[in-house]
Amino acid sequence: MAYTNSARGSKPGLGHFKDKTNKKKPAVEAAASPVVQFGEHGRYQIKSGWLSGTFVARAFPKPPTQARGMIAEATGATEEEAIASLQEAIDARENRRADDRREDSRAGFAVPSTEEYVEAIRHVALSRQQLAMLTAMSLTEGKGLTAERMAYAAGYKSQAAAFRSFAAAGNLIGAYLSIRTISSKTSSDPEGAALLGSRTETLDADDPGNWVLHEELQKAVQLAL
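Residues numbered from 1 in each chain as written. Predicted model: local features only at pLDDT ≥ 70, side-chain atom pairs only at ≥ 80, totals over all residues. Heavy atoms only, no water.

Asker: Could you give an account of the pairing of strand E4 (residues 54-61), with specific residues and numbers?
Answerer: The element E4 is extensively covered by neighbouring structure, given that seven of its eight residues are classed as buried. As paired elements, strand E3 (residues 44-51) and E4 share eight bridges and run antiparallel to each other. Counterpart to leucine 51 in the pairing with E4 is threonine 54. The antiparallel pairing of E3 with E4 creates a hairpin that spans two residues between the two strands, and serine 52 there sits at a positive phi of about 50°. (Buried < 20%, exposed > 50% of the residue type's maximum accessible area, 1.4 Å probe, protein only. Helix = DSSP H or I, 4+ residues; strand = E, 2+ residues; numbered from the N terminus. Pairing = 2+ DSSP bridges.)

Put into C-alpha cells, the structure is as follows:
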C-alpha cells in the first residue's frame with residue numbers, strides 16, 4: 001500500500017487532520033504533525049496523521065465517489081500502528097459482512113446484506129434511469145415489475161435498453177462489493193442482473209415473469225435513496 005504526502009494546507013476539504021506545527025512546540029511533537037498521508041486499502045481511501053495528541057488513521061470512500069463520511073477509525077502509538085490497526089478493522093468488517101450474506105441457490109451466489117447494498121448504492125455512480133428503476137421496483141412490496149414497467153419507470157422506449165441498464169447497475173454494485181455473477185446459459189438475462197434480483201416463476205411459457213429485487217436490496221434502496 002503506497003502512501004503519499006499532501007501539501008501542507010494546500011487543498012480545502014482534505015484537512016481532516018490539522019497542521020498545528022509551531023516553532024514554539026517541542027521538537028518531537030512538531031516533527032510528528034506536519035502533513036496528512038493518503039493511501040488505500042481495498043475500496044477505501046486511508047488518511048492518517050497526528051491529531052489532538054495521537055496518531056489517527058481513518059477510512060473514507062475512495063474517489064471519485066461523491067459519497068462522504070468516515071467508514072472507520074483507529075489510533076496507534078505510531079502512524080504505522082494506526083494504519084495497521086485500521087486495516088485490520090476494515091478486513092474484520094469485510095469478513096463479517098461476507099459471513100452474514102444469505103445463501104441463495106437460485107441466484108447462484110451469497111446475496112449481500114442490506115448494509116452492504118446501502119453502502120454500494122451510495123458510493124457507485126448509478127445513473128438517473130438506474131436509480132428510477134430501483135426505486136420503482138423497491139415500492140412494489142416484493143411483487144416486482146414487468147420489463148415494460150421497468151422501462152416506463154426509467155423513461156426508456158426500449159425494454160431491452162432498460163434491462164441492459166438494469167444489469168449494468170448490478171455490475172457496478174457487484175464490482176464495488178467484489179462480487180461477480182455469471183449469467184446462466186439457459187437464461188437470456190444479461191450478466192449482473194442476478195445481483196439485483198430474480199424473475200418470478202410463471203406457468204405461462206410466454207410470460208417471462210416480473211423482475212423482483214432481492215429483499216435485502218429492496219430495503220437498501222428505501223434507506224439509501
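Asker: Give a description of the side chain of serine 165 that names residues and reports values.
Answerer: Along the chain, the position of serine 165 falls in helix H6 (residues 159-176). In this view, serine 165 contacts Ser127, Gln130, Met133 and Tyr156; residues no more than four positions away in its chain are not counted. (Contact = heavy atoms within 4.5 Å.)

Asker: Account for the nonpolar core, naming residues and giving values.
Answerer: Phe166, Ile173 and Leu217 are the most contacted members of the largest nonpolar core, which totals 45 residues. It is H6 that provides the largest number of residues to this core, a total of seven residues. Dropping the residues within four chain positions of it, leucine 217 is found in contact with Tyr117, Ile121, Leu134 and Leu196. (Core = buried A, V, L, I, M, F, W, Y, C linked by side-chain atoms within 4.5 Å.)

Asker: Got a sec to walk through the pattern of salt bridges? Specific residues and values, please.
Answerer: For side chains bearing opposite charge, pairing can occur when the charged atoms are close. On inspection of all chains with the given rule, the structure shows 14 salt bridges. As a salt-bridge pair, arginine 96 and aspartate 100 come within 3.8 Å of each other at their nearest N and O atoms. Of this pair, arginine 96 and aspartate 100 both sit in helix H2 (residues 79-100), four residues apart, which is roughly one turn of that helix. A single network of salt bridges, built from pairs that share partners, joins Arg43, Arg93, Glu94, Arg96, Arg97, Asp100, Glu115 and Glu119. (Salt bridge = Lys/Arg side-chain N within 4 Å of Asp/Glu carboxyl O.)

Asker: Go over the packing of aromatic side chains, please, and point to the residues and values.
Answerer: For the structure shown, the criterion picks out four aromatic pairs. Seen from their ring centres, phenylalanine 163 and phenylalanine 166 are 5.4 Å apart, and the 35° between their planes marks the pair as tilted. You can see phenylalanine 163 and its partner phenylalanine 166 sitting in helix H6, three residues apart, about one turn around the helix. In this pair, the class of phenylalanine 163 matches that of phenylalanine 166, namely buried. With centroids separated by 5.1 Å and ring planes inclined at 80°, the aromatic side chains of phenylalanine 163 and tryptophan 211 adopt a geometry described as edge-to-face. Taken together, the positions of phenylalanine 163 in helix H6 and tryptophan 211 in strand E9 (residues 211-213) put the pair 48 residues apart, joining distant regions of the chain. Neither residue differs from the other here; phenylalanine 163 and tryptophan 211 are each classed as buried. Linked through ring pairs, Phe163, Phe166 and Trp211 together constitute an aromatic cluster. We note lysine 47 situated over the ring of phenylalanine 60; from NZ or CZ to the ring centre the distance is 5.0 Å. (Phe/Tyr/Trp six-rings, centres within 6.5 Å; stacked < 30°, edge-to-face > 60°. Lys NZ or Arg CZ within 6 Å of the ring centre and 35° of its normal.)

Asker: Tell me about helix H7 (residues 215-224), and please be specific about residues and values.
Answerer: Taken together, the buried positions of H7 are Glu216, Leu217, Gln218, Ala220, Val221 and Ala224. In this structure, the buried side of H7 is in contact with strand E6 (102-104), strand E7 (109-111), helix H3 (114-123), helix H4 (128-138) and E9.

Asker: Please provide a residue-by-residue account of the pairing of strand E2 (residues 37-41), values included.
Answerer: Where burial is concerned, most of E2 is hidden: four out of the five residues are buried. Alignment of E2 against E3, held across five bridges, turns out to be antiparallel. Bridging from a neighbouring strand, histidine 41 pairs with tyrosine 44 of E3.

Asker: I'd like to hear about the packing of H4 against H6, residue by residue, with values.
Answerer: Direction vectors running N to C along H4 and H6 enclose 90°, while the axes themselves pass 9 Å from each other. Considering the angle they form, H4 stands roughly perpendicular to H6. Only Ala162, Ser165, Phe166, Ala168, Ala169 and Leu172 of H6 make contact with H4, whose side of the interface consists of Gln130, Met133, Leu134 and Met137. Classifying every residue of the contact of H4 with H6 gives eight nonpolar, two polar and no charged. (Axes fitted to C-alpha atoms, helices over the stretch in contact; angles between N-to-C directions. Parallel < 35°, antiparallel > 145°, perpendicular 65-115°, else oblique. Nonpolar A, V, L, I, M, F, W, Y, C, P; charged D, E, K, R; others polar.)

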